[in-house]
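# Survey of secondary and tertiary structure
Single-letter residue listing:
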Amino acid sequence: MTLNCIIIDDEPLAADLLASYAKKTLFLNLIGVFNSAVEGVKAIRENRVDLIFLDIQMPELSGLEFARILPKETKIIFTTAFSQYAIDGYKANAIDYLMKPISYDDFLASANRALDWFQSTRQLENTSNDRFIFVKSEYKLVKIMFDDILYIEGLKDYVKIYLANDHKPIMSLMNMKKIEESLPKPEFMRTHRSYIVHMKKIDGIDRFRIVIGDAILPISDSYKATLQDYLDGHTL
């Protein structure tokens, strides 16, 4: 996937630095660099802009004001030298918030976060009409509706698919990577080397273990950060 992006920053040196970062990031297609939000309006009207690296403190029209008039499909990564804007930035539904001076490592991490968001969103859109998969089990093909899946357990070369209203899981000769690629994200999330969880089916988190009905599922360290990001977005 390639994301069309623009950069809006009233400091030419800062804008040029971000432009150099964007040009060496393979999945970003830089279509414009602007020194004011007003200049960026025309680009957004004439092009499909997926992502904006947007300075907050600018004359005429601030980044926060500009964010309020953007189409909802255009996402923002705010860039600023002032940390007090962080909360306002997240209220504007920004994907991320970068503090100046910005290193390429930080830029790339934010860009990857945006890429993950677009990939997950478009995968959900593409699978919205096909809410099922077929798996081979006991010499036959079994149709499984996504909405019926509670969680999936990996056992070497097999997976066990646990379903709502079915006490016996479906076992299929398949590895976890293959079935993970067939499921919509972030609706289904890998939380452990041996578990994929249907996030809508979680009853609770107890001592950072997942509770689904009577099942208590572990969370491995390598997946904690991703899971915590998801939980933060669904916690009041």
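Counting starts from 1 at the beginning of each chain's written sequence and moves along it residue by residue. Only residues with pLDDT of at least 70 get local features here, since the model is predicted, and only at 80 or more are side-chain atom pairs given and counted; chain-wide, interface and lining totals rely on the full set of residues. To get the side-chain values, take all heavy atoms of the structure and skip hydrogens and water.

Here we take up the overall build of the protein. The helix count covers DSSP runs of H or I at least four residues long, the strand count covers runs of E at least two residues long, and both are numbered beginning at the N terminus. On a plain count of helices and strands, the protein comes out with 7 helices and 15 strands. For the protein, the spread of C-alpha atoms along the principal axes amounts to about 65 × 35 × 30 Å. Using a 1.4 Å probe on the protein chains alone, a residue whose accessible area is under 20% of its type maximum counts as buried, one over 50% counts as exposed, and one in between counts as partly exposed. The burial tally for the protein puts 47% of its 236 residues in the buried class. In the protein, the proportion of contacts linking residues at least 24 apart, taken out of those at least 6 apart, comes to 50%. In short, Shrake-Rupley with a 1.4 Å probe defines the accessible areas, and a residue's cover is counted only from the protein chains shown. With an accessible surface of roughly 13700 Å², the protein has 51% of that area assigned to carbon and sulfur atoms. His is not counted, nor are the chain ends; Lys and Arg add positive charge and Asp and Glu add negative charge. To locate a charge, the coordinates of NZ of Lys, CZ of Arg, CG of Asp or CD of Glu are taken. Mean positive and mean negative side-chain charge positions of the protein (29 and 33 charges, respectively) differ by 7 Å. Any pair of residues with heavy atoms lying within 4.5 Å of one another is described as a contacting pair.

So, about the UniProt feature "domain: HTH LytTR-type" (unreviewed entry) in the protein. In this structure's numbering, the residues bearing the UniProt feature "domain: HTH LytTR-type" (unreviewed entry) are residues 133-207. Within the segment residues 133-207, helix and strand shares are 8% and 57% respectively, and the terminal C-alpha atoms sit 33 Å apart. UniProt positions are given in the numbering used here, feature names are shortened, and annotations may be inferred rather than shown by experiment.

So, about helix α7 (residues 221-232). Expected span of a helix: the number of residues minus one, times 1.5 Å. An ideal rise of 1.5 Å per residue puts 16 Å on 12 residues; α7 measures up with 17 Å between its terminal C-alpha atoms. Every buried residue belonging to α7 is among Leu-227, Tyr-230 and Leu-231, and all of these are buried. Looking down the long axis of α7, one finds its buried residues gathered within 95° of arc, a one-sided arrangement. Relative to its buried face, α7 has exposed residues pointing more than 90 degrees away, namely Ala-225 and Asp-229. Directions are taken from the helix axis to each C-beta atom, and the arc is the one they span.

Moving on, we get to the environment of Thr-80. Along the chain, the position of Thr-80 falls in strand β4 (residues 75-80). As a C-alpha pair, Thr-80 and Leu-236 span 156 residues in sequence and 27 Å in three-dimensional space.

In terms of nonpolar packing, the biggest core is built from 21 residues, with Ile-7, Leu-18, Leu-28, Leu-51, Phe-53, Ile-77 and Phe-107 touching the most fellow members. With near-sequence residues (within four places) excluded, Leu-18 lies in contact with Ile-7, Phe-53, Thr-79, Ile-102 and Phe-107. Side-chain atoms within 4.5 Å link the members of a nonpolar core, which is a set of buried Ala, Val, Leu, Ile, Met, Phe, Trp, Tyr and Cys residues.

Attention now moves to the packing of aromatic side chains. Any two rings among Phe, Tyr and Trp, with Trp reduced to its six-membered ring, count as a pair given centres within 6.5 Å; such a pair is stacked if its planes are under 30 degrees apart, edge-to-face if over 60, and tilted if neither. Taken as a whole and judged by the stated rule, the model has 9 aromatic pairs. Measuring from ring centre to ring centre gives 6.2 Å for Tyr-104 and Phe-107, while their planes differ by 20°; the resulting arrangement is stacked. Note that Tyr-104 and Phe-107 are positioned in helix α5 (residues 104-126) at a spacing of 3 residues, about one turn of the helix. Judged by centre distance (5.0 Å) and plane angle (85°), the ring pair of Trp-117 and Phe-118 falls under edge-to-face. Residue Trp-117 is classed as partly exposed on the basis of its relative accessible area, which comes to 35%. One Lys or Arg, Lys-24, reaches over the ring of Tyr-104 and ends 4.3 Å from the middle of that ring. It is Lys-143 that lies over the ring of Phe-132; its NZ or CZ is 4.4 Å from the centre. As a reminder, the over-ring test applies to NZ of lysine and CZ of arginine, requiring each to be within 6 Å of the ring centre and within 35 degrees of the ring normal.

All right, on to the sheet that holds strand β13 (residues 204-205) then. The strand order across the open sheet formed by 3 strands is β13-β14-β15, and the pairing between neighbours is antiparallel. With partners counted over all chains shown, the strands left at the sheet margins are β13 and β15 (215-217), one partner each. Pairing of β13 with strand β14 (residues 210-212) involves 2 bridges; the strand directions are antiparallel. The partner of Gly-204 across the bridge, within β14, is Val-211. Between any two strands, pairing holds if DSSP finds at least two bridges.

Note that Asp-96 resides in strand β5 (residues 96-99). Given the relative accessible area of 9%, Asp-96 is considered buried. Here a polar contact is recorded for every N or O atom pair within 3.5 Å, except that within protein the pair must consist of a potential hydrogen donor and a potential acceptor, and residues adjacent in sequence are included only if both atoms are side-chain atoms. At 2.4 Å, the side chain of Asp-96 forms a polar contact with the side chain of Arg-113.

We define a salt bridge as a contact between a side-chain nitrogen of Lys or Arg and a carboxyl oxygen of Asp or Glu at a distance within 4 Å. Evaluation of the coordinates by the stated rule reveals 10 salt bridges. A salt bridge links Lys-100 to Asp-9, with the nearest nitrogen and oxygen atoms 2.7 Å apart. Of this pair, Lys-100 sits in the loop between β5 and α5 while Asp-9 sits in the loop between β1 (3-8) and α1 (12-23), placing them 91 residues apart in sequence. On the basis of relative accessible area, Lys-100 is assigned to the buried category, the value being 19%. Residue Asp-9 is classed as buried on the basis of its relative accessible area, which comes to 0%. The partner of Asp-50 in a salt bridge is Arg-48, and the shortest N-O contact between them spans 2.7 Å. The exposure class assigned to Asp-50 is buried, which follows from its relative accessible area of 3%. In the salt-bridge network here, residues are joined through shared partners; they are Asp-9, Glu-11, Asp-55 and Lys-100.

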